[in-house]
Each structure stands twice: as structure tokens, then as C-alpha cells.
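Close look at the chain arrangement
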Amino acid sequence: MKTSFISRKIVSTLLALSMAPLNSAVFAQTHRFPSGDRDETAEASVQLRAGKAPFQKNPARLQELRIIPQEIPLSGKGAAHSFLVMGSFSDGLVRDVTSKCKLTISHPELVRVEEKRRVVALSSGTVLLKAELSGRATTASIRIESAPEKEPFSFQREIGTILTRRGCNASECHGGVKGKGGFKLSLDALYPEEDYRWIVQGGRYQVLVAEAKPPVIPRVDVKQPEESLLLLKPTLTVPHGGGQRFEDGSKDYQTILEWVRKRAPFDEPGAERRRAERVEIHPAEVFLERGESQQLLLTAQLVSGRKEDWTGRVRFSSNNPDVVEVTPDGRLQARSPGEAVITLRTPGHVISKRIGVIDRVISNYPRIPGRNLIDNHVFAKLHKLHILPSELSSDSEFLRRICLDLTGMLPPSNRVREFLQNKDPQKRDRLIQTLMESPEYVDYWTFRFSDPLRVALSAVTPYSTTKAAQRYSEWIRSFVELNKAYDQMARERIAAQGSDGASRHFRHQLPSETMAEEVKMFMGRRLDCAQCHNHPAEPWSQNQFWQMTSFFGRLGYIFNPFMDWVLVVDISTGTGMFGADDPVTNPRTKQAVQPAFLNGRGLTEDEQKDPRMALAKWMTSHPYFAEAAVNRIWSFIFGKGLVEPVDDFRSTNPPTHPELLQALAQDFREHGHDVRHLIRLIVQSRTYQLSAVPNETNRNDKLNYSHALPRRLDTEVLLDAISAVSGVPELFEGRHRTTAGGREPLGVRAVQLKESDSDLCSFLDAYGRPDRSAIPERDHKPNLVQALHRLAGSTYTDKLARKGGRIDQLIQSGASDRDIIQELILVAFSRFPTGTEREELQKKIGARALRREALEDLVWGLINSREFVYNH
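Residues numbered from 1 in each chain as written. Predicted model: local features only at pLDDT ≥ 70, side-chain atom pairs only at ≥ 80, totals over all residues. Heavy atoms only, no water.

1. Regarding the environment of Leu133
The topology assignment puts Leu133 in strand S9 (residues 125-133). Through-space distance from the C-alpha of Leu133 to that of Cys101 is 5.2 Å; in sequence the pair is 32 residues apart. Apart from the residues within four sequence positions on either side, Leu133 is in contact with Leu62, Leu65, Val97, Lys100 and Cys101. (Helix = DSSP H or I, 4+ residues; strand = E, 2+ residues; numbered from the N terminus. Contact = heavy atoms within 4.5 Å.)

2. Looking at the side chain of Glu627
The topology assignment puts Glu627 in helix H17 (residues 623-638). A residue is classified by how much of its surface remains accessible, and Glu627, at 9% relative accessible area, is buried. (Buried < 20%, exposed > 50% of the residue type's maximum accessible area, 1.4 Å probe, protein only.)

3. Some words on the sheet that holds strand S20 (residues 331-334)
Taken in spatial order, the three strands make up an open sheet running S15-S20-S19, and their pairing is antiparallel. With partners counted over all chains shown, the strands left at the sheet margins are strand S15 (293-295) and strand S19 (324-326), one partner each. Along the sheet, successive strands turn relative to each other by an average axial angle of 20°, direction set aside. (Pairing = 2+ DSSP bridges. Axes fitted to C-alpha atoms, helices over the stretch in contact; angles between N-to-C directions.)

4. Describing the packing of H17 against helix H19 (residues 675-684)
The N-to-C vectors of H17 and H19 enclose an angle of 45°; their axes lie 11 Å apart at closest approach. With respect to each other, H17 and H19 are oriented oblique. H17 and H19 meet at a crossing whose hand is right-handed. Between H17, through Val630, Ile633, Trp634, Ile637 and Phe638, and H19, the contact on the second element is made entirely by Val675, Leu678, Ile679, Ile682 and Val683. (Parallel < 35°, antiparallel > 145°, perpendicular 65-115°, else oblique. Left-handed = near helix turned anticlockwise from the far one by under 90°.)

5. Considering the packing of aromatic side chains
One pass over the full model with this rule turns up 29 aromatic pairs. A centroid spacing of 5.8 Å and a plane angle of 70° characterise the contact between Trp198 and Tyr205, whose relative ring orientation is edge-to-face. Across the pair, exposure class does not vary: Trp198 and Tyr205 are buried alike. An aromatic cluster is present here, built from Tyr441, Tyr444, Trp445, Phe447, Phe449, Phe479, Tyr486, Phe522, Phe625, Phe636 and Phe668 joined pairwise through their rings. A cation over a ring is seen here: Arg401 above Tyr688, with NZ or CZ 5.7 Å from the ring centre. (Phe/Tyr/Trp six-rings, centres within 6.5 Å; stacked < 30°, edge-to-face > 60°. Lys NZ or Arg CZ within 6 Å of the ring centre and 35° of its normal.)

6. Description of empty space enclosed by the protein
The tally for this structure, following the rule as stated, stands at seven cavities of 30 Å³ or more. Taken as a whole, the largest cavity holds about 150 Å³ of empty space. In this structure, the largest cavity is lined by 15 residues; those nearest its centre are Phe638, Tyr705, His707, Ala708 and Leu709. Elements with a minimum of two residues in the lining of the largest cavity: helix H8 (395-407) and H17. Residue composition of the lining of the largest cavity, by class: six nonpolar, four polar and five charged. (1 Å grid on protein atoms, 1.4 Å probe; cavity = no way out; pocket = protein on both sides within 12 Å on 5 of 7 lines; lining within 4 Å. Points joined across faces, edges and corners; volume = space filled by probe spheres on them. Nonpolar A, V, L, I, M, F, W, Y, C, P; charged D, E, K, R; others polar.)

7. What about the environment of Ser685?
Locating Ser685 in the fold gives a position in the loop between H19 and strand S25 (711-712). Residue classification places Ser685 among the buried positions, given a relative accessible area of 0%.

8. Brief notes about helix H6 (residues 251-261)
Restricting attention to buried positions, one finds in H6 the residues Asp252, Tyr253, Ile256, Leu257, Trp259 and Val260. In a view along the axis of H6, the buried residues occupy a sector of 160°, so they form one face of it. The inward-facing, buried residues of H6 abut helix H3 (155-165), helix H4 (192-200) and helix H5 (229-232). Following H6 by one or two positions, Arg263 has its phi on the positive side, about 70°. (Arc of directions from axis to C-beta.)

9. Let's talk about the pattern of salt bridges
On inspection of all chains with the given rule, the structure shows 72 salt bridges. A salt bridge links Glu258 to Arg261, with the shortest nitrogen-to-oxygen separation between them at 2.8 Å. You can see Glu258 and its partner Arg261 sitting in helix H6, three residues apart, about one turn around the helix. Overall, the relative accessible area of 36% leaves Glu258 in the partly exposed class. In this structure Arg261 comes out as partly exposed when scored by relative accessible area, which is 42%. A salt bridge links Glu777 to Arg526, with the nearest nitrogen and oxygen atoms 3.5 Å apart. Here Glu777 is found in the loop between helix H21 (762-767) and helix H22 (784-792), whereas its partner Arg526 is found in the loop between helix H14 (511-523) and helix H15 (542-549), with 251 residues between them in sequence. In this structure Arg526 comes out as partly exposed when scored by relative accessible area, which is 26%. Where salt bridges share partners, they join Glu151, Arg157, Glu158, Arg273, Arg274, Arg306 and Glu308 into one cluster. (Salt bridge = Lys/Arg side-chain N within 4 Å of Asp/Glu carboxyl O.)

10. Digging into the sheet that holds strand S13 (residues 276-282)
Read from one edge to the other, the open sheet built from three strands follows the order S13-S16-S17, with strand pairing classed as antiparallel. The strands lining the two open edges of the sheet, one partner per strand, are S13 and strand S17 (307-309). Ignoring which end each strand starts from, the neighbouring axes of this sheet average 25° apart. In this sheet, S17 lies alongside strand S16 (residues 297-302) in antiparallel orientation, the contact comprising three bridges. Among the inter-strand pairings, Gln301 is bridged to a residue of S17, identified as Lys307.

11. Topic: H3
Of all 11 residues in H3, nine are buried; the element is thus mostly enclosed. Listed as buried for H3 are Phe155, Gln156, Arg157, Ile159, Gly160, Thr161, Ile162, Leu163 and Thr164. Gly167 occupies a position one or two residues after H3 and carries a positive phi of about 80°.

As C-alpha cells, this is what we get:
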């Protein structure tokens, strides 16, 4: 193909100007769902486009007051408890108005109010706290009980709280993997027995050895308590790399000093009842206008049943101080629009909360009818953030999006015409059903699950040929085609034995690696960091890691390399991977470890007969399983999960929509872990079908699904799309092909390849094929190799000029330039060209001496445009 880079640049520049997918008038005509509810979104969008933004100009009116908590418990004279007064306003926001209220106590001789946010007990009895503001009033009950004679001492509660609140046991300080400065603490006082050992006995922590490394220097001195390093260093009496943590004579100093004077005991009898079973943050939701502030309140439910104010026992941090700052005492300050995650750490508990900051309040927020539970949750949050969702997508926008998301294919031009001309109000639902019943759906979703389930020649058992990967791929295909329950699929894979199907995914790897992969895939948690030490950021211990690993300790392989035969078995005698005399051991303690679930439960006698099946049943019945499943499938469709990365659920990485995640997981369980039901629920939602055209309120929103976000097509899908537009299928060659010439049959799509890592394809190399030797994370960032391939690669040159291709067929048919332009844009973008596009492109083609070359350049411009390369 003889091509002119200059002419290509002209065409592609024209297309970039006239076909920008996110702001073009071609998407103005939207589809409306059949619904009895009035949809006010379009009216609001018209106002926004006309520059009549419906932002609130007058101050909001107070409508209601509420004190949190409604019942305030106090135990004994001097006991204190914080409270909040929250006001509900006419703009829909709930604000902290504690400092603005007039506060009165029904019996001031029993309780006093300090700093307008805390009540302190003076004597036993019941009192009413009343708050008044702007003609509104509310009350809360205060109950003061007699204090117990003596509360038992708890090391974790008293000393652990100081270490946590002051940041001494943070991951960047002594709570790190090896500690710091020769002193090791558990993260957030999660393991108080270990902390007690390092403080009272001393010694340096060693990762793979249980014994302490010299010098063994205790951090407390019971003979001279004031000389304890636990006091001298944080007060900077002696040099301390962590700086000053508290002052000499402060409350924390006195607490530690008194503890050491009592010869530094661990726990007194009854200390367990003072442990917190549950910790809650108030308010439950926080949405602030820029410049507003909000106090957080933390309450703990103790084992004894009593509730306490733990606000002063917490270390607060913000992952994005530019959006929300938080003071050491839990006061939030909204800085700029967006969201920030506030993390609260107290001994044994880590809680995170998303805080939303509103740009501008929208008065008379419009009604936005939803179709299912997804819309209910998404639109409720958008309302609270005062973000207007975009209008519904146009039919052409929806058609291209749904075909790519359900089948990985562009719709053919005749189907585009048919759908755009169809006036049936149910046509979108009918199309969804048609696509989900097609063979292309099975092909595409087999491909989708082949990434996390790792279908590749490099990922199967050694001594196998391509047949092993093919059998594994066929097992996944049967799951998709027959719509087997997702929990059944998971159990088959986790507990697989034999020489076929799911057993082909087991590589000759250590049981620890296999276990970590199964937990990552089916529970969305990363336990890997607990292999050599307790997890540095989550409450997973090293012993828990090896107890879970022990489920795979019997896993063994029997090889027959001459017959391409590998048998995966659990050997009941315990020989397995390690041999008869080498059971699974904790590498640090060197002790043998028996299988136990993450909740600490060991195996029953019956479960010991097939430990991996017991694990599979436990994992698929755990709440983590459904959460991880719906999050992963959601990410396949939206390009990102409600938790992102999808397999990194943790306390400091909360979901963007926690209630939606729980609702989807519950619905998934109730429908028998039906993947097709979940996919249908997602794509039928209004949220999924919103336009990619942003409005003034949601232009910067990337988290809350207020409009469709462009997603770069996966490498295989992009290659198939280019082949479809050019009319020339890709011919795949590989070293391990069983067909003649080592090739796949002509017409096989890239998403149908069963072991793509062994295929010779310059396009897959340039655009990046996933490395399935581990659970892959696709990289869609452009690079220089891709740019060169677009200019000179066979995918962009030979395909466009190939005899018998689409351009050749159109020319041979005698089609006019006008008809060819329309056909190409229909097949590439699933829409008709605009008048301006048609007119300008006809001029450009007519001005060229070689018509065929001009048309080839037009196709080149189309398949290199943003509108083509992205799903939007």
C-alpha cells in the first residue's frame, strides 16, 4: 500500500475536530426508557447548556435538628461523652451546627456541658440535653450510672491506645515490618501480647526467626520507672528519630509512668470485657460544601455491652488533604470539591470513611427515575454530592457500547441502521437479551474470565502442550455457555483434582502461591504480605497465612510427559508438594501448621478427607466471595471496580458506593450466583446507559458514575474491531498449533484465542498482551511502539489495501463517495455521519488524484480516532 503520511494527517485531523465523541451534537438525541416517572434530567441539561445553571443563590433554611447519639451513657462521676448536633437544611445537606446551638441541661447539678460538645457527669441520674437553633429544637437523654469500684487494667486498651493515637505503631514507624530503631510494635496494637513482649523484654525483631536479636534492651525500667525508654524517647529527653510524641508530665506520660510503677503488668482479670467489639463513626454520612467543617464522633460497643466515647482514643488521617483535612481531634475541613478517605485507627480497629465535598449546591434538584437497585444507590449519592447525571445515551452511543461490552464486537452496518430506525421503546432490553443469547457473548465472556483465571500456555502445568490450556479454556467456556453458578465454578477450581478442566490451572508452584492466588481471585483480599511476617497494613497474621496455605499442603502432581498427561491429586498420606517428612510449616516459628480458616476454625474429621473442598465451600459461603465477584464483574463493564484495584479490598481502601456493593452482593446470592443475571442487571440500569457527554456539574467526576467514562479497548478487542472495519480477518500463527501450518483457521477472532501468549502477532506485541503467568493487570497507556505500528505496522497498512477487503469491495460495487463515507462511519462508530462530516470528507476525497488511496487513508483516520479506539 502506497500511502501519504501528509494526507493521513489531514484526514485524521479533520476527524478529530468533527467527531469528538464526548461533546458532539451527534449524541444529542437520547432514548427514553418506558416509565411512568417524570424524567427531569433533560430539562436540567438544557438549562446547563443554556448557561442557566440551577445553582442555589439564597442561604438554605434549617428544617430539623438531631443530637447524636440520642442516648448518652455515662459511668460514674467525671465520665465524659462527646455529642453532635446535626441540622437538616432545605438544600438537602446535613450540617454540624453544634457550636451554633443554645444548649441546656434539665438538671445541671447532675451534668455539665464543656466546650459545647461534651457532657461530664457530676452525679448519678437521668438528664435531658436540649439543643435550640433558629426556632428548631431537639433533645437527647443522658443516663449517668454509678461507676464500678475498679476497672481491670488492659494493656491494649491503656498502653496500646497511646501508642496508636500518637502514631508510634504506624507502618512508617515502629509498626513497620521490622519496626524502627531496633524497636518493633504491631500495627495499631493489633497483637498486644507481641507488643508487651517487645516493650517489657526488649530485643530486635527478626523476620524469619522467632527469637529476638541482641541487644535485648527493655523499653521499661521497673526499678527506675522515670528512666524507661518508653518515656524518655517520646518526650525527647533522649534523642528520638520519631520526634516528640507527648510532653513530660502529660496525661499519656502519667499513664505509662503509673503502669511501669506497678511493675508493668499485662492484663488484669476481667480485662477482656473492656475490649471493643464494634466501633462506629458518626455521622454515618458526611457531605460538605467547600469551606465547611464537621466534627467526627467515634463510639465503641464493649464486650460488656457498655458504650463509650472513643473520639479521643483515635488517630485520624486523610488520604487527600487537598480535598479534606482532618485535625488530630477529628475535625474535618472541606478544602476543594472531590472525595477523600478519612481513616480512623484505634487499638485493634481500623475504619475508613469517604467524605464528599460539594462544589456548588443545586436548588430544586431534578427527579431522576431509576430502573433498578443500581440506579437507586448511584443517583442517591449524586444527589447528596449535588452532581447532575448526564442524559441518557443516544441510540447509536448505546448500541456501540453494549455490543462491545457484551460481545466484544462492533455491530455490522445493517444492524446499526435497523436499530436506529426502530421505534420500539423496549428495543434496548430486547437487544440486550439477543446479545446475551448469542455465541459471540459466550466467546467474549470466556475471554473476559480468561484473564483473572489465567488461561495461557505459560500458566499451565509443566510438561504440557497447548492441549492443557485448551482444555482449561473449554472448562471456562462451558461455565459461560451453560451459565453455571459462579460459586460452583469457584468450588470446581479451588478443589480440582484429575487431569482435565479446572485442574489445568494448577501450576507447579508452592502451596503458598496457590493459596494467595485463590484468595485474591475469589475473596478479593491480598494475603501475600503476611507470608514472612504479619501483614503490614491489615489484620492478617503470618500464622493465618500458613494455616490457609496448609489446605494446599497435600497438593501433588503425577507427570507423564510422553503422553501429555498430568494428574493433580491430594495425597492423603501427606506427601504432597513437600514430601512425607516435610509438612507445611511457619517459616518463622519452624512449627508445623494445620489447616484453619481465616476465622480460626480448624477442620472437622470429615473435612480432613478433602481439605481443599472444605476450603472451597467455606470461601464461597463467606460474605467476601459475593462482594469480590460482583466487584470484578462490575469492573469488566465499567472499566473500574467499586473497589479499585478489584482484588485489593482493605480497611483503608473503602468502596466508592459501599451500600451499592452490599446490595449487589446480596442480590447475587439471592439469585444463586447467576452471572448473567448480574450482567443484565448492570447493563439494563440507567447508570450504565448514561451518555458520555458531561455537563457542568459532572465534568470532573471520575468516581460516581454520573456519566459514561471512555474506556480504551482491550488489545484483542481493538484488533478484532480493526479487522471488522477493514473487512480483513487476522491470521494467527503460533509455535504450538495443532492445525496445518501451525495456524488458527482464518476468521478466528483475537478474543477466541485460547493461549494467546504463544501466538505470533505484531499487533498483540505492540499493544500489550496480558501476562497470565499471574493474575494480570492490563496496561492501556500508549507508547512509542504503538505509534510506530500505527504508521507502518501491517495491521494499519496491509489490511486497508488488501484485495477483497472492505474498501476493495465498496469500490468494486460502484458505490459513491457519499455512500462509502456513510458505510465506513456506520461500521466504525455505529452512527450516521453528520452533514458537516459528509461534506468535508467528500471534498477531501474528491481533491485527491488517487481515489482508492484517499479512501484507504479515510479508514486509517477512522481507526486511529479517539471515537474508535475507546468505548464510550
